[in-house]
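So you can see what is in the structure, the chains are spelled out below.
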Amino acid sequence: MSKNNSVFKKTLVAHALTVAFGFGFVAVTVPTEVMAQSNAAGSIFGKAKPGTTVQVLNSDNGVRRSATADSTGRFQITALPIGTYKVDLMNGGKVEQSTTVDVSLGQGSEAVFAAAAGSIQVVQVSGARKPIDISSTNNGANFTARQLENLPVAKSVEAIVQLAPNTTRGDTRFAGNGASFGGGAVTENSYYINGFPVTNPLTGFGASQLPFGAIAEAQVLTGGFGSEFGRSIGGVVNVITKSGKNRWEAGATMAWTPDSLRSDPKDIYYPKTGRTYNAATDGTLYLRRNQNTADSKLFGGYVSGPIIQDKLFMFVSAEQTKTDQGFVNGLRTSTSNAVNGWNDTKTTVNRYLAKFDWNIADEHRLEFMSIGDSPVVKIDRSGYDYATGKRVGGVTSSQTNRNINDNGNQLNGLKYVGEITQDLTFTAAYAQAKSKHETTLVGYNPTAMGVVADPANRVPGLTYTNPQSFSANVPGAGSQDLVKSLRLDLEYKLNSHTIRAGYDKSKVDSLGGSTTPGGGTWTYFKTDDPNKAIPVSGGSVPPTASGGGYGAQGYYVAKTYFSDVTESHGEQTALYIEDKYQVTKNLMVVGGIRYESFLNKNKLMQKFLDQPGEINPRVAVSWDVNGDASLKVFGTAGRYSVPIPTNIGLRAAGATSNTTQYFTYTGTDANGQPQGLKQLTNPLSPNNEFGQPKDARSFAVKDMKPTFQDEITFGFEKQLAPEWNSGARATYRTLKSTIDDLCDARPFEAWAKRTNTTITNPTFGHDCYLFNPGIANTFVFDIDGKGNYKEIALSAADLGFEKAKRTYTALDLFLEHPFRNGWYGKVNYTWSRSYGNTEGQVRSDNGQADVSVTATWDYPEIMRGAMGLLPNDRTHQIKAFGFYQLNNEWSVGGNLLLASGRPRSCLGGDPNPGDSPNYNNQAFFCFGETSAQNQLVPRGKIGNLPFDKRLDLNVTYKPTFLNGMAFKMDVFNITNTQTLQNVIEAYNSGTRMSSQYERPISYTNPRSVRFTAEYNHKF
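Residues numbered from 1 in each chain as written. Predicted model: local features only at pLDDT ≥ 70, side-chain atom pairs only at ≥ 80, totals over all residues. Heavy atoms only, no water.

## Description of a nonpolar patch on the surface
- Together, Tyr-492, Leu-494, Ile-499, Leu-575, Ile-577, Ile-593, Tyr-595 and Ile-615 line one region of the surface with nonpolar side chains, adding up to about 680 Å² of accessible area.
- Sorting the residues of the nonpolar patch by element identifies strand S29 (480-494), strand S36 (566-582) and strand S37 (587-601) as the ones contributing at least two each. (Patch = residues over 30% accessible without salt bridge, like charges linked within 9 Å, V, L, I, M, F, W, Y side chains within 5 Å. Areas by Shrake-Rupley, 256 points an atom, 1.4 Å probe, with all protein chains shown as cover. Salt bridge = Lys/Arg side-chain N within 4 Å of Asp/Glu carboxyl O. Helix = DSSP H or I, 4+ residues; strand = E, 2+ residues; numbered from the N terminus.)

## Description of the environment of Asn-350
- Mapped onto the elements of the fold, Asn-350 is located in strand S21 (residues 342-361).
- With relative accessibility at 32%, the residue Asn-350 sits in the partly exposed group.
- Residues Asn-350 and Val-376 lie 26 residues apart in sequence; the distance between their C-alpha atoms is 8.5 Å.
- The residues touching Asn-350, leaving out its near neighbours within four places in the chain, are Glu-319, Gln-320, Gly-372, Asp-373 and Ser-374. (Buried < 20%, exposed > 50% of the residue type's maximum accessible area, 1.4 Å probe, protein only. Contact = heavy atoms within 4.5 Å.)

## A look at the UniProt feature "domain: TonB-dependent transporter Oar-like beta-barrel" (unreviewed entry) in the chain
- Per the UniProt entry, the sites bearing "domain: TonB-dependent transporter Oar-like beta-barrel" (unreviewed entry) are residues 336-987 in this numbering.
- Along residues 336-987, the helical share is 3% and the strand share 53%, with 26 Å between the first and last C-alpha atoms. (UniProt positions renumbered as here; feature names shortened; annotations may be inferred.)

## Regarding the sheet that holds strand S7 (residues 108-111)
- Taken in spatial order, the 3 strands of this open sheet run S4-S1-S7, and their pairing is mixed. Looking at strand neighbours, the two that pair on one side only are strand S4 (74-80) and S7, the edges of this open sheet. Neighbour-to-neighbour, the strand axes of the sheet open up by a mean angle of 20°, direction not taken into account.
- As paired strands, strand S1 (residues 42-47) and S7 are joined by 4 bridges and run parallel to one another. Paired with Ile-44 across the bridge in S7 is Ser-109. (Pairing = 2+ DSSP bridges. Axes fitted to C-alpha atoms, helices over the stretch in contact; angles between N-to-C directions.)

## Considering the packing of aromatic side chains
- In this structure the tally under the stated criterion is 38 aromatic pairs.
- Taking the centre distance of 5.9 Å and the plane angle of 55° together, the rings of Phe-143 and Phe-881 count as tilted. Here Phe-881 lies in strand S53 (residues 876-885) and Phe-143 lies in strand S9 (residues 139-144), a separation of 738 residues in the sequence. A single burial state applies to Phe-143 and to Phe-881, both of which are buried.
- Ring centres of Phe-225 and Tyr-640 lie 4.7 Å apart, and the angle between their planes is 55°; this geometry places the pair in the tilted category. On the criterion of sequence distance, the pair formed by Phe-225 in the loop between strand S14 (215-223) and strand S15 (236-241) and Tyr-640 in strand S39 (residues 631-642) is long-range, its members being 415 residues apart.
- Overall, Tyr-640 belongs to the buried group, its relative accessible area being 1%.
- Through successive ring pairs, a cluster of aromatic residues spans Phe-748, Trp-751, Phe-764, Tyr-769, Phe-779 and Phe-781.
- Directly above the aromatic system of Phe-196 lies the positively charged group of Lys-415, at a separation of 5.7 Å from the ring centroid.
- It is Lys-632 that lies over the ring of Phe-634; its NZ or CZ is 5.1 Å from the centre. (Phe/Tyr/Trp six-rings, centres within 6.5 Å; stacked < 30°, edge-to-face > 60°. Lys NZ or Arg CZ within 6 Å of the ring centre and 35° of its normal.)

## Quick notes on the pattern of salt bridges
- Across all of its chains, the model carries 48 salt bridges by this definition.
- In this structure, Lys-958 and Glu-149 form a salt bridge, with 3.3 Å as the shortest nitrogen-oxygen distance. Remark: Glu-149 occurs in helix H2 (residues 145-150) and Lys-958 occurs in the loop between strand S57 (948-957) and strand S58 (965-972); sequence separation between them is 809 residues.
- Note on Lys-958: relative accessible area 33%, which makes it partly exposed.
- When the shortest N-O distance is used, the salt bridge between Asp-798 and Arg-754 registers 4.0 Å. Here Asp-798 is found in helix H7 (residues 796-799), whereas its partner Arg-754 is found in helix H6 (residues 746-754), with 44 residues between them in sequence.
- A relative accessible area of 33% means that Asp-798 is categorised as partly exposed.
- Overlapping salt bridges bring together Glu-228, Arg-231, Arg-487, Asp-489, Glu-491, Arg-500, Asp-504, Arg-594 and Glu-596 as one network.

Put into structure tokens, the structure is as follows:
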């Protein structure tokens, strides 16, 4: 056979395997990392003469391991801390050949030796890495400390995430600066530091962080990850910290982002609705932002070195970021700007890392880690005058938030890694983390109810001042989250098999919740027809004319109140086993199964959500086509599941109050409080949240399936030239099951009628219940209020929903120049499509952050028109970044993003709600003169927001005359392109068109400049 024919046949087989991945693996479900690495380490592998001993040594930290080549000549050393290793090929107790390799997080590094020498002699082999890592099939990217140091990125994990393909920024209304991975919701991700879980346990929005300079490597996985990873159907962020080495070193950093070099943010204007009743606001200023100020300073330092040479090491790092901001807080039309129209905030974020590593022996290592992330925000409120553009008066109220809507945490963890034999490795890790949430209020009036009054809804001549300085809900006293996590892993090498198995469990206890400040909020409305009933969430408001007063002219007011202060508890348990099988010298197959169970309890420790287990099978294949790591074909398939954070026990499963009551009025007092009230309705709650405890047995359906997703990927990577790599990857994800709440009594009333069952329990069917939308469910209800529970089996048709659907289809292309000859660069292009009728655990359409209890599935009518492009869809994305060393002193870097805009949708009142709960602005009906004239407007059919464009550049100077010193200037958004990120999608205000429909919510940040001075010294 000629060489050309051989290559031709290999190419055909490669194409055939690619097609096989596309069809044959669909039924297997779930992916895996081929080398089955620890989630906090890497490995070294290679080929040598069978029976030969290979020794590896990391001279920086004294880690020393050895392995014996098997009968096929392969050797593998796993569970290695990242770093540079000297690899020795031994012969008769002497070093025959040596090479050096860099071990990266979650990846395998191949040690390549020359052909056997004629006599024993030391042969030094080049330590250059193979062009392509044939041992990994992960989707995503790894970022080393060197790359992060040279790229213009913000000093946060969120900024690192956005460098990876298949990631987009989450809705700005969500806390935690979360990201969407592969079309998933922002709460569907997992975060780890040194293998310890740090995901926000209460909400799932983001994770706690550490000093940015302490990051040794960050791995962003957007799919294809192995059985050891779980609790995610989006992505995994896996961070490894720096550790102490055999040489003492210390350093300090100062960074300054001055307000004087920051461009002014765009003002926000009311949209032009064209409605006469909105004439006072159409096209006018909504919120002034061009006077906003922001000045940020960062101070950090570290000390690292050996306490005992080659044995005991320490790395201690601390970082403080102080940001001073001043901004207009009050809207131009607000009636309380003289009191709280301006905010001055001082944000202080203190972060630290203390890590100690003890090499007990060559085969045993102990690690202790302590991290702290403490965000504190102090807010001083004063007056502002839009007419003069100046602040007025002194401070009227103050507020200090400690870890409110942030991911602060204090974690202590201990890890043991032991090589019991050359073939058996054991890892054990335990951690405890505590996160406190505190608010201190100065000038707070607990009896002053807030006032919200759009100009179009005000009676001329009346006062609508808002006396309440605090708009956000007030957290309950003693709010905190406590997490205890345990993880055990075993790895056993048997001939061509590497078998890994593990167990992990996390226990979460949360005390929290919040309450409406001042005891409630008054919201003023106006209807155009005072003689017509007004449909509202949870019922209907009688004609306002019947209430007299200004109701005769269509004016009315709503009193709302919310409180969910309670306790919640959760447990998440998993088992996994996987086998990496080296089928041939060029072909590897990994098969694994992960078993996950999730449990949630209420304040009384009653189980209200018990998911006994989901089996997630995973498989992956990697083929080194040419046997020289120049062309890799790979594929993965798998199933993933995700838990519900403890917040569900505070809101949905707790004794929550969430009510609205409607009145007419005859006037207002000096504080905007309505006078001469006449009740139009009793308190209404569409979800029956009147403060009563929820029935733990009824809250969730029987045998509930967890939220899970199937994924299949396939692709290739190819070396185009010695200094260029390229590749392509196709991804398909489909959501197979989701969890949300049903808030519709009609299916249960129909069941009772159909089965001739007498119901005497007044709350029967009138709460909200967790279920699996789109399939049959079995509910368990107390029919008489005396403990007489019955199972109520309802089909998908009985419930009235179509199947839940969310698919993500993507094609990724990349071109990379590894760091050689003084420069590094990478370009990623992603075409993707996120389509379906549900975003997942949260809802970006209206910024609803109630995880797995959104309005999406509350009743069937709300889903009409819900199928379409989802909010996290970005059809085209180009991400390009890199850096170039001009000489020994100067270097430059860049980071470019080009991305399609977010799909636009419209949510309004349903013109034909029938007997449904009929929520305000939750249906895909819009564009009527009144809500009764709205038309169906399917999701994503209005178009897209503008294309997102951003270019960041930097320059670094490292003077040779001052070794260890570096000066850097980063310019973010150098073109000052402030792109519209999201808009108000709510169409109606009462029965009218809202004056704020499609009003901008946020733009991308304006241009800013960051100066950094850094000094590092090795002793």
